[in-house]
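# Structural description and commentary
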Amino acid sequence: MTVSERHASRWMGGRLGGLPHPATCRVLEHMFGEPAEVLFGPAQHGPSPDQRGGVPARETSGGHAEGDPRGTIEREVAMAATESARFGQFIEQSNVGPHTLEQFRADTMRIINVYPNRPVYPMFVELRELRDRAFELLEGRQHPAQSRELHVVAGVVCGVLANASFDLGWLPAAETQARTAFLCAELAGNNALRAWIRGTQSLIAYWDDRPRDAVELAEDGWRYVPESGTARVRLAAIAARAYARMREEAATEEALSRAERAREEVRAADDPGGMFAFPPAKQAMYAATARLWLGDEGNLARAERLAGEAIELYVADPPERRRLGELSLARLDLAVARLGQENLEGAAEQVPEVLAVAKRRRTDSVVRRLRQLATALQRPRFSSAALALDLRDEITAFCDAPQTPALPERAR
């Protein structure tokens, strides 16, 4: 029998709200020669039942001699009834109450609503603490419906931790968090969460320069029809960017059309909402990025228009709910689209806006896109322009500035 040190310490300290699992009880009874109710019950003092003149050692409670078949049957029947009663007590217990689940829901909703607007690292620390609380409860015992809800909470929190690890630049850690999140979604039987996590895994692969893996993960997520929300819109939009990066134009167009159809099929709001929702602004931004990857003159013009639409939609959100990282990426898409059309002044207009936001909420994806823009400014037609030189210097100074504090070892 394998028992964790923490679990054993709860037993020894009398901090168990009932009996352990029935199979564990049977092992302990065999080891110690006492019923589980005695082992885990109040401390007993004084002589044993035999010494007090109770049931004779060689006689059953019904008065039968130990070798009597009737006594053997009676013991077996009584033992079976005791084990069934014990299991009934076991499954009736729960370490989770309505208040606990309500608090988890409130904490999770607050975080996913404010995450896109706040510095990443403090949110990461808070998410890790919330995850640990959920994991500790899942190590205990609760009713199936409560377990499902706890697995949803754990899946959502690990999914956001994957996003935070990605934003901090730790892609392997992000993949690990996403795998655990997907397992929790599986255990909860929640299709919306399954689809969203597959989208996150696809997103990580895309930024890790693995567009083929990104496509496969997004297409795998497509088979999970969400109970509500926009997870499928997100999957198709992510797939479109990955296809475009591989210069597969027909597949890109099909994925973009699929995202539009999925948007029309959404019948209810995302649950949970917040950063788990995929608003039209983000869909327009992803489409702009896909057009930039395709790169011909017509697609550059369409990318400029789509990026402009995304920016307008993001700016229309209340400041406290504005998705700052996504807004910055949309501005960078607009800058790159204009630069591709040799509009240096138009591209330069977006950079100060991005840097001002990124100084408050720095993310790895924005830093990567800024470096790409700096590289584009080195093209021969811009290399000698004073404006291009100034922009490159400003971008390089920002990107080379000290990074967010390193993740604690246990968080990687």
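## With respect to the pattern of salt bridges
Tallied over the full model, the rule gives 25 salt bridges. Between aspartate 132 and arginine 131 there is a salt bridge whose closest N-O contact spans 2.8 Å. Among the residues examined, aspartate 132 registers a relative accessible area of 26% and is labelled partly exposed.

## Considerations on unusual backbone geometry
Negative phi is the rule for most residues except glycine; trans is the rule for most peptide bonds. The residue after aspartate 271, namely proline 272, is reached through a cis peptide bond having omega 5 degrees. Looking at the secondary structure, you find proline 272 in the loop between α12 (249-265) and α13 (280-294). Notably, aspartate 209 is not glycine yet its phi reads approximately 60 degrees, a positive angle. As for its position among the elements, aspartate 209 is in the loop between α9 (191-207) and α10 (211-221). With a phi close to 65 degrees, glutamate 342 is a non-glycine residue in the positive phi region. By the element assignment, glutamate 342 lies in the loop between α15 (324-340) and α16 (344-348). Residue glutamate 342 is classed as exposed on the basis of its relative accessible area of 55%.

## Quick look at the packing of aromatic side chains
Tallying each qualifying case throughout the model produces 6 aromatic pairs. On the numbers, 6.4 Å between centres and 10 degrees between planes, the contact of tyrosine 121 with phenylalanine 124 is stacked. Here the residue tyrosine 121 and the residue phenylalanine 124 both occupy positions in helix α6 (residues 120-138), the gap between them amounting to 3 residues, near one helical turn. Consider the rings of tyrosine 206 and tryptophan 207, whose centres lie 5.6 Å apart with planes at 90 degrees: the pair is edge-to-face. Three or more aromatic residues joined by ring pairs form one cluster here, namely Phe166, Tyr206 and Trp207. In this structure, arginine 241 is placed above the aromatic ring of tyrosine 286, and the distance from its NZ or CZ to the ring centre is 3.8 Å. Positioned above the aromatic ring of phenylalanine 398, the side-chain terminus of arginine 362 is 4.7 Å from the ring centre.

## Points about the confidence of the model for the chain
Chain-level pLDDT for the chain is 86 on average; 87% of the residues reach the 70-or-more range. This model gives residues 49-61 a pLDDT under 50, and the stretch forms 14 contacts once residues within four places in sequence are excluded. Every residue in residues 406-412 scores below 50 in pLDDT, and together they form 18 contacts with partners more than four places removed in sequence or on other chains.

## Observations regarding the state of the cysteines
Such a bond, covalent and formed between the sulfur atoms of two cysteines, is termed a disulfide. On inspection of all chains with the given rule, the structure shows 0 disulfides. The closest cysteine sulfur to the non-disulfide-bonded cysteine 184 is located on cysteine 158, 5.3 Å from its own sulfur. By relative accessible area, cysteine 184 is classed as buried at 6%.

## Details of the environment of phenylalanine 124
For phenylalanine 124, a relative accessible area of 1% corresponds to the buried category. The spacing of phenylalanine 124 and leucine 161 is 37 residues in sequence and 6.4 Å in space, taken between C-alpha atoms.

## A closer look at the packing of α15 against helix α18 (residues 364-376)
The interhelical angle for the contact between α15 and α18, taken along N-to-C directions, is 15 degrees, at an axis separation of 10 Å. Looking at the two axes, α15 sits roughly parallel to α18. The element α15 and its partner α18 pack so that their crossing is left-handed. Only Ser365, Val366, Arg369, Leu370, Leu373 and Ala376 of α18 make contact with α15, whose side of the interface consists of Gly325, Ser328, Leu329, Leu332, Asp333, Ala335, Val336 and Leu339.

What counts and what doesn't
Residues numbered from 1 in each chain as written. Predicted model: local features only at pLDDT ≥ 70, side-chain atom pairs only at ≥ 80, totals over all residues. Heavy atoms only, no water. Salt bridge = Lys/Arg side-chain N within 4 Å of Asp/Glu carboxyl O. Buried < 20%, exposed > 50% of the residue type's maximum accessible area, 1.4 Å probe, protein only. Helix = DSSP H or I, 4+ residues; strand = E, 2+ residues; numbered from the N terminus. Phe/Tyr/Trp six-rings, centres within 6.5 Å; stacked < 30°, edge-to-face > 60°. Lys NZ or Arg CZ within 6 Å of the ring centre and 35° of its normal. pLDDT = per-residue confidence, 0-100. Contact = heavy atoms within 4.5 Å. Disulfide = S-S within 2.5 Å. Axes fitted to C-alpha atoms, helices over the stretch in contact; angles between N-to-C directions. Parallel < 35°, antiparallel > 145°, perpendicular 65-115°, else oblique. Left-handed = near helix turned anticlockwise from the far one by under 90°.

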